[in-house]
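Descriptive analysis of the structure
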Amino acid sequence: MFILFSLFFLFFFIYYFKSGKLNKVPVKNICNVCLKPSKNKCTNCNQIYYCSKKCQKKDWKEHRKVCGTVGTELIIPTSSSSSEMREFISDLISDDVVENFNVPDFEQEYAIKYPHEKMHIQFLNSAQSSIEYLQLIGRFIDHDPDEPDPKYIMNRWNEFSEVLINFLTTPRKIGDIFTGKMKSQYLGGKDVAAQSFSSMSKLSLTYDQGKVHIAVGFVDLDLLLQAEITQNMNFIEQPNKFIGYEGSVYAVAKTNVIKEMMVKKVPIRSIIEVWFSSVWTMETLKYFEKAVKSVLQFGDAPNDGPPNPTKKELHPKVRSLISHWNKSIRSPKSHQEAHKLWTKTFISEDNVFFIVANLVEPRDRVQVARHILTGEFPLMDDQPPKNLIASITMFNCNNGILPHSSNEFMLQMMPMDTILSKNQRKEISFLNAIYNFLENAIIKVCNWLSPLEGQAGKIEIYLHFQPVTNDNSALLVSIRQLDPWIMSWSNICDYFYVHDFHKMLRACSGNDTIHIMTSIDWFKEVFGAHIMEYDGRVRHGMLIDAQKKISMAEKVVDPSGYFQYTNVISHPYNIGDISAMMMVKENWQNYFFKDQDLNIGDFSFIPYAHTHKTHTLLNICYTYNKKD
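Residues numbered from 1 in each chain as written. Predicted model: local features only at pLDDT ≥ 70, side-chain atom pairs only at ≥ 80, totals over all residues. Heavy atoms only, no water.

Details of the overall build of the protein
Spelled out, the test is: Put simply, DSSP marks the helices as runs of H or I at least four residues long and the strands as runs of E at least two long, and each gets a number from the N terminus on. Only the protein chains shown count as cover for residues, and all accessible areas are computed by the Shrake-Rupley method using a 1.4 Å probe.
Broken down by element type, the protein carries 21 helices and 17 strands. Surface summary for the protein: the accessible area is close to 27,100 Å², and the carbon and sulfur share equals 51%.

Here we look at helix 21 (residues 572–592)
Filter applied, for reference: Take the residue count of a helix, subtract one, and multiply by 1.5 Å to get its expected span. The angle separating two fitted axes, one through the seven residues that finish at a residue and one through the seven that start at it, defines the bend at that residue.
Here helix 21 spans 28 Å end to end across 21 residues, near enough to the 30 Å set by a 1.5 Å rise per residue. Of all the bends in helix 21, the greatest measures close to 45 degrees and is centred on Val-584.

A word on the sheet that holds strand 17 (residues 618–624)
Convention followed: At least two bridges found by DSSP between two strands is the condition for calling them paired. Axis lines are fitted through C-alpha atoms, for helices just across the contact stretch, and the angle between N-to-C directions can take any value from 0 to 180 degrees.
One open sheet accounts for 7 strands, arranged 13-8-6-14-15-17-16; its pairing is mixed. Both edges of this open sheet fall to strand 13 (459–465) and strand 16 (598–605), since each of them pairs with a single strand only. Taken pair by pair, the neighbouring strands of this sheet meet at an average axis angle of 15 degrees, ignoring direction. Here strand 14 (residues 486–488) runs beside strand 15 (residues 514–519); their pairing, made up of 3 bridges, is parallel. Residue pairing for strand 15: Ser-488 is matched across the bridge by Ile-516.

Section: the environment of Met-504
As a reminder, the rule being used: Per-residue accessibility, obtained with a 1.4 Å probe over protein chains only, is compared with the maximum for each type, and a residue is labelled buried under 20%, exposed over 50%, and partly exposed between these values. Contact criterion: two residues are considered in contact whenever any of their non-hydrogen atoms come within 4.5 Å of each other.
Note on placement: Met-504 falls in helix 19 (residues 498–508). Residue classification places Met-504 among the buried positions, given a relative accessible area of 0%. Sequence separation of Met-504 and Asp-471 is 33 residues, and the distance between their C-alpha atoms is 9.2 Å. Beyond its immediate stretch of four places on either side in the chain, Met-504 contacts Val-468, Thr-469, Asn-470, Leu-476, Trp-489 and Phe-496.

What about helix 9 (residues 268–276)?
Within helix 9, 8 of the 9 residues are buried, leaving the element largely enclosed by the surrounding structure. Inspection of helix 9 places Ile-268, Ser-270, Ile-271, Ile-272, Glu-273, Val-274, Trp-275 and Phe-276 among the buried residues, and these make up the whole buried set. At its buried positions, helix 9 is contacted by helix 8 (249–263), strand 9 (279–281), helix 10 (282–295), helix 15 (392–395) and helix 17 (430–449).

Some details on the packing of aromatic side chains
Inclusion rule: Two aromatic rings, drawn from Phe, Tyr or Trp (for Trp, its six-membered ring), form a pair once their centres lie within 6.5 Å of each other, and the interplanar angle then sorts them: stacked below 30 degrees, edge-to-face above 60, tilted otherwise. In this scheme, the term charge over a ring applies when either NZ of a lysine or CZ of an arginine sits within 6 Å of the ring centre and within 35 degrees of the ring normal.
For the structure on display, the rule yields 26 aromatic pairs. For the pair Tyr-250 and Trp-325, a centre-to-centre distance of 6.0 Å together with 90 degrees between the ring planes defines the contact as edge-to-face. Linking Tyr-250 in helix 8 with Trp-325 in helix 11 (residues 316–328), this pair joins segments that are 75 residues apart in sequence. Residues Tyr-250 and Trp-325 agree in their burial class; the two are buried. Relative to Phe-409, the ring of Trp-342 has its centre 6.1 Å away and its plane inclined at 80 degrees; by these criteria the two rings are edge-to-face. Taken together, the positions of Trp-342 in helix 12 (residues 335–343) and Phe-409 in the loop between helix 15 and helix 16 (416–420) put the pair 67 residues apart, joining distant regions of the chain. Judged by relative accessible area, which is 1%, Trp-342 ranks as buried. Among the aromatic residues, ring-to-ring pairing joins Trp-489, Phe-496, Phe-501, Trp-522, Trp-588, Phe-592, Phe-593, Phe-603, Phe-605, Tyr-622 and Tyr-624 into one connected group. Residue placement shows Arg-172 over the ring face of Phe-167; its charged tip is 4.0 Å from the ring centre. When the ring centre of Tyr-114 is taken as origin, the NZ or CZ atom of Arg-370, which lies over that ring, is 4.5 Å away.

Next up, the structure:
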């Protein structure tokens, strides 16, 4: 299918790009209302000039008929206060455009619970206003832009290259693959923006007892939270081995400490705090210190070359970080400083606030807003301030390691289909439901690691700092010799060209090794994965179709209705892209598996959940056929 929108959009872009006119604001132009000189344009369409907000409001009734909506920026100046923002948006919208924002007043709900937290209240006001504004975009989904927007190109494809421009300005049809995609470097800056925890929900795995699981890019131990260990007819009378390889010093150091806390069966709350929270209790600090000293007794892994996969060893860089934490225990930062450091990394327009807006209970909206704003989990409202400190692992690192230097929220990794289906909204709060899931799951893993007297351990965990790449042939051979039953790859497939990725996996596969992974960025390689790449006349239908699919998820994922599903509050692109990506998933699947001799076990979308960072995560599972 030939998409007029894309060509029209991009031919204009090429012209402006090559002419050097892109993003240049004329020194002098004319207000569309009063004809006074003006430098300010409507940032939605980037076409019409206004000298003031007053003139823009006055012209909106007519201008809205032609205004394009490629971007998501607010029309009003960023210097406006939150109250002005909300007043301006209200003035823009007449009853025939939007009857009701349908956005709960979570800012006011939070203000009632925490009346003295003025900065948080102001922040939520801005977030709520941004969400209200985004409800407008769906009304213009069928409009095409009059001028290309480089920001749109960058957000959509995550690059801005001549190769991409050539791809988009030649005749396109839905499902075409952008084979010239520039891949981000897998190990580039993994500790400059180190992850404190996983950013996506994982598959529920069942392990055969006695087998080996290799976890590449593990980040943390979330794969074990839903896992089960069973005995089949051919089980081996020995513990499972969970061997992790990770290119982040921080992830290896932190997860080794958490594992040691599990081995010692410290209070579950303390394990949860170290794993997820920006703020700890003093009790947690004591257990953390004991675990750190225990991990520092591990042997030394080689500085160069693969580690011994089934020995407790620390790479010199990992030992350096854990030693630094051991010293930092004596002078932890305050919990107030933790709050300030936490909030530096995200903005009020962040998608995470859609989670708050879609929760049904005011109780849950306030608690989740509190978690987002402070990073506390569990919330520390029941603790005296003198008993609280900042997380050592999150805010005390050395050698340029910067965890939580980009926005991250533990809600994104939670398996909502498991959690919500087992709880009743009226009986237990949303955050408590998550806490109870984590508590039960961590108790299970603790018992696997340190069973009751007279019982055999079910699992051994070894975590190593070691990059898994095609260049590290010695490590690939070492892994193959372990004959892994399962190899999990997180979303590492997003960082490799397809041919190189399959080459690496084949090199470390054992007999019938099952490979599992999740692709986050697959849609950035296929044309037609975004709603605006379709004819304007079908986009409203795509939105309606996507909304129906979301509504169907409620009975399976959330039977007691923690969230709303019939009128989802989100950016229209987030909703419409669900329909768009379903139309091109098979095209990318064929591209990913082209010329590969293998058996596909699963290639499906993860069930919709409001908490996911993106709603089109692809679960992939397959085995390679043996070569004769």
